[in-house]
Amino acid sequence: MRADGLVIIDCDSQEAADAWEADTSKPHTMKVKTPNGWHFYYRSTQGAPTGPMVGVLPKTDVRAGSASFVVCPPTPGYEVVNDAAPAPFDPAWLPQREQSLAGDGEAWEKVPEGRRNATLASLAGVLRR
């Protein structure tokens with residue numbers, strides 16, 4: 001599904017999901033169990049991410065806007081755990097980092113191991129614009 005109007009926090013482990021939920025000021029929102037972790041669905045608000053962000057927190061990515069897609073129920077292995085309506089997203093929940101061509105907020109001299117595809121796709125998007 002395309003993430004139009006949504007900000008989906010994609011936690012790739014139970015530990016990452018627990019860390020995301022540790023801040024009790026965050027409202028309850030739609031929560032989906034995935035084969036490898038959890039998705040937390042929020043309604044996009046002013047200042048919220050408008051595209052995908054990789055590695056915003058350990059084992060945590062953001063999927064947002066029309067450039068992002070997520071697998072969702074009723075796909076096998078995906079189960080809605082909390083079917084609440086998506087709560088409004090607060091941009092302050094994400095660490096503030098300087099944007100770079102890498103697309104995930106880190107500035108590099110060399111592309112780190114395991115980041116080649118995401119970095120090249122981000123650079124291609126910059127060049128296309």
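Cut-off values and rules
- Residues numbered from 1 in each chain as written.
- Predicted model: local features only at pLDDT ≥ 70, side-chain atom pairs only at ≥ 80, totals over all residues.
- Heavy atoms only, no water.
- Helix = DSSP H or I, 4+ residues; strand = E, 2+ residues; numbered from the N terminus.
- Contact = heavy atoms within 4.5 Å.
- Areas by Shrake-Rupley, 256 points an atom, 1.4 Å probe, with all protein chains shown as cover.
- Buried < 20%, exposed > 50% of the residue type's maximum accessible area, 1.4 Å probe, protein only.
- Polar contact = N/O pair within 3.5 Å; in protein donor to acceptor, adjacent residues only side chain to side chain.
- Arc of directions from axis to C-beta.
- Phe/Tyr/Trp six-rings, centres within 6.5 Å; stacked < 30°, edge-to-face > 60°.
- 1 Å grid on protein atoms, 1.4 Å probe; cavity = no way out; pocket = protein on both sides within 12 Å on 5 of 7 lines; lining within 4 Å.
- Points joined across faces, edges and corners; volume = space filled by probe spheres on them.
- Nonpolar A, V, L, I, M, F, W, Y, C, P; charged D, E, K, R; others polar.

Caption draft 1: Here's a closer look at the overall build of the chain. Broken down by element type, the chain carries two helices and seven strands. For the chain, the N- to C-terminal ordering of α and β elements is β-α-β-β-β-β-β-β-α. Put simply, 69% of the contacts in the chain that link residues at least 6 apart link residues at least 24 apart. Surface accessibility of the chain: about 7900 Å² in total, with carbon and sulfur atoms responsible for 54%.

Caption draft 2: Highlighting the environment of Asp4. Here Asp4 shows up in strand 1 (residues 2–11). For Asp4, a relative accessible area of 41% corresponds to the partly exposed category. Once the C-alpha coordinates of Asp4 and Thr50 are considered, the two residues, 46 residues apart in sequence, prove to be 9.0 Å apart. Not counting chain neighbours up to four residues away, the residues in contact with Asp4 comprise Gly65 and Ser66. Among the polar contacts listed, one links the side chain of Asp4 to the backbone nitrogen of Ser66, at a separation of 3.3 Å.

Caption draft 3: Spatial organisation of helix 1 (residues 14–21). Listed in full, the buried residues belonging to helix 1 are Ala16, Ala17 and Trp20. Buried residues of helix 1, seen end-on, are gathered within an arc of 100° and therefore sit on one face of the element. For helix 1, the exposed residues set more than 90 degrees away from the buried face come down to Glu15 and Ala19. The secondary structure elements touched by the buried residues of helix 1 are strand 1, strand 3 (38–43), strand 4 (53–57) and strand 5 (60–69).

Caption draft 4: Local environment of the packing of aromatic side chains. Under the definition given, this model contains five aromatic pairs. For the pair Trp20 and Tyr42, a centre-to-centre distance of 6.3 Å together with 70° between the ring planes defines the contact as edge-to-face. In this pair, Trp20 is assigned in helix 1 and Tyr42 in strand 3, connecting sequence segments 22 residues apart. When sorted by exposure, Trp20 lands in the same class as Tyr42, which is buried. With 5.2 Å between their ring centres and 80° between their planes, Phe89 and Trp93 make a pair best called edge-to-face.

Caption draft 5: Local environment of the layout of surface pockets. Size it by volume and the second largest pocket reaches roughly 190 Å³. Among the secondary structure elements, those contributing two or more residues to the lining of the second largest pocket are helix 1 and strand 3. The residue makeup of the lining of the second largest pocket, split by class, is four nonpolar, four polar and four charged.

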